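# Coordinates in review
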Amino acid sequence: MAYDVEFTPEVEALTAPAWAKVKDQVTPLEWRVHAPLIAQINRLKAEKNAVILAHNYMTPEIFHGVGDYVGDSLGLAREAARSDARIIVQAGVHFMAETSKVLCPDKTVLIPDLRAGCSLASSITGADVRLIKQRYPGLPVVTYVNTTADVKAETDICCTSANAVQVVEWAAREWGVDKVILIPDEYLARNVAAQTDVKIIAWAGSCEVHKRFTVEDIAEMRLAYPGAEILAHPECPEDVLNAADFAGSTAAMSNYVETRRPKQVVLITECSMAANVAGDVPDVKFIGPCNMCPHMKRITLRNILDALQKEQFEVTVDPAIADRARLAVQRMIDLPPPAIPARYDLVKARGHHVDVEMI
Ligand code: 13P
Ligand code: SF4
């Protein structure tokens, strides 16, 4: 496939707003390669009535250069449901593209690399959930969106890390029970259990990126950077969250940084997150460590351009499965957006260990 690779004055002018956001993260040399691709992608999007939904873990040139909607899993699902574009290009991983297809069965949903998976989504199947339901009859099944459409089809309601506590409490109220099945992320389940009186039944899945952070990492950061505020994603182990100053979804972390403007901040999550938020808050200093998600990093400007030019790779979901999965995703979307807490530290896990029942 031929690309226009010339960094002409026209390309430079068209991409200047994105450059202003990324110039502290991307070198001028790299920008001369990225900018012509960004200009072509944005031109093709307009020609083909396409939108790009870009997750917070995309690289800064994707996030600030071509993303029409950027955000966390919940925000992207909401945008997919609202979009009137003909084509959705999911700059994220496969389960996110499936969620878009489930919500928009009449649109063409493309993912630039079909191999962009997720360790959580591959930890459980629809057949596993059917067995779980046989073992715990009468209990609601809440499924994290990081799952396949097959799994969502077996589910009563989905949740994301932004609304998991809210969804679990809603399910317990609706079913009139004090126990809820929350699968497949064991760490998210433990972290939700610490914030609610609802008892949680969990599955031993995990995010290969977030489970690697340890409480020792946090202690080292505190020692090396006294005063830096530490924010962690709810897919991290419970002791990591308890040692952090705040726990929240990728959107909640962005929101924290944008509204509180800490002088120094550590984001215990995927590496691109800090690079992307930094573009909007130049006064905040971001400090490592971070872990890279190999699946998210399969998405590049080049394969996004290929996706638009060739209208590949189309993500499809069996309509019968999609109809059932849609009920679970739509139920979640129909709940009011999670409240942005006035005192962020209240969102943190209560600081005490609450056991969950493992399946
Ligand atoms: P968010 O819903 O917080 O964006 O998280 C999605 C994800 O894949 C995190 O690893
Ligand atoms: Fe999956 Fe973890 Fe990558 Fe998110 S960061 S896509 S949960 S493997």
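To be clear, the structure that these remarks concern was listed above.
Scope of this entry: the structure provided in the associated data block. (Residues numbered from 1 in each chain as written. Chains lettered and ligands numbered in written order. Predicted model: local features only at pLDDT ≥ 70, side-chain atom pairs only at ≥ 80, totals over all residues. Heavy atoms only, no water.)

### Topic: the overall build of the protein
A tally of helices and strands in the protein yields 16 helices and 13 strands. Relative to its length of 359 residues, the protein is compact, with a C-alpha radius of gyration of 20 Å against a globular reference of 21 Å. In the protein, which comprises 359 residues, the share counted as buried stands at 56%. When contacts within the protein are restricted to residue pairs at least 6 apart in sequence, long-range pairs at least 24 apart make up 67% of them. For the protein, the exposed surface amounts to about 15100 Å²; the carbon and sulfur share of it is 53%. Here the protein carries 37 positive and 47 negative side-chain charges, and the mean point of each set is 1 Å from the other. (Helix = DSSP H or I, 4+ residues; strand = E, 2+ residues; numbered from the N terminus. Rg over C-alpha atoms; globule rule 2.2 N^0.38 Å. Buried < 20%, exposed > 50% of the residue type's maximum accessible area, 1.4 Å probe, protein only. Contact = heavy atoms within 4.5 Å. Areas by Shrake-Rupley, 256 points an atom, 1.4 Å probe, with all protein chains shown as cover. Lys, Arg positive; Asp, Glu negative; His and termini not counted. Charge placed at Lys NZ, Arg CZ, Asp CG, Glu CD.)

### Description of unusual backbone geometry
The step from Gly288 to Pro289 runs through a cis peptide bond, and the omega angle for that step is 5°. Mapped onto the secondary structure, Pro289 falls in the loop between strand S12 (285-287) and helix H15 (301-310). Residues Gln312 and Phe313 are joined by a peptide bond in cis, for which omega reads -20°. Structurally, the position occupied by Phe313 is in the loop between H15 and helix H16 (319-334).

### Focus: the sheet that holds strand S5 (residues 141-144)
Spatially, five strands are ordered S6-S5-S7-S8-S13 in an open sheet, and the strand pairing comes out parallel. The sheet is open, and its two borders are formed by strand S6 (157-159) and strand S13 (357-358), each paired with just one other strand. Relative to S6, S5 is paired through three bridges, and the arrangement is parallel. When the bridges of S6 are listed, Tyr144 appears paired with Cys159. Sitting on the sheet, helix H10 (residues 186-193) is in contact with S5, S6, strand S7 (179-183), strand S8 (199-202) and S13, with an inclination near 175° to S8. (Pairing = 2+ DSSP bridges. Axes fitted to C-alpha atoms, helices over the stretch in contact; angles between N-to-C directions.)

### What about the sheet that holds strand S2 (residues 69-71)?
Strand order in the open sheet formed by four strands is S2-S1-S3-S4, and the pairing between neighbours is parallel. Either end of the sheet is taken by a strand with one partner, and the two such strands are S2 and strand S4 (108-110). Put simply, the sheet's adjacent strands are angled 20° from each other on average, direction ignored. In the sheet, strand S3 (residues 87-91) pairs with S4 via three bridges, with the strands oriented parallel. Of the residues in S4, the one forming a bridge with Ile87 is Thr108. The sheet contacts of helix H5 (residues 73-82) involve strand S1 (50-55), S2 and S3, and relative to S1 the element is tilted by about 165°. Contacts between helix H6 (residues 94-103) and the sheet are confined to S1, S3 and S4, with S3 contributing the most and set at about 155° to the helix.

### Topic: the state of the cysteines
One pass over the full model with this rule turns up one disulfide. Here Cys271 connects covalently by a disulfide to Cys290, the sulfurs 2.2 Å from one another. Negative torsions about the S-S bond denote left-handed disulfides, and the value of about 95° found for Cys271 with Cys290 makes this one right-handed. One end of the pair, Cys271, is in helix H14 (residues 271-278); the other, Cys290, is in the loop between S12 and H15, with 19 residues separating them in the sequence. Of the residues examined, Cys271 reaches a relative accessible area of 21% and is grouped as partly exposed. Residue classification places Cys290 among the partly exposed positions, given a relative accessible area of 34%. (Disulfide = S-S within 2.5 Å.)

### Notes on the packing of H5 against H6
Interhelical geometry of H5 versus H6 gives an angle of 30° and a closest axis separation of 9 Å. In terms of axis orientation, H5 runs roughly parallel to H6. Between H5 and H6 lies a crossing whose hand is right-handed. Residue-level contacts link Ser73, Ala77, Ala80 and Ala81 of H5 to Met96, Thr99, Ser100 and Leu103 of H6. (Parallel < 35°, antiparallel > 145°, perpendicular 65-115°, else oblique. Left-handed = near helix turned anticlockwise from the far one by under 90°.)

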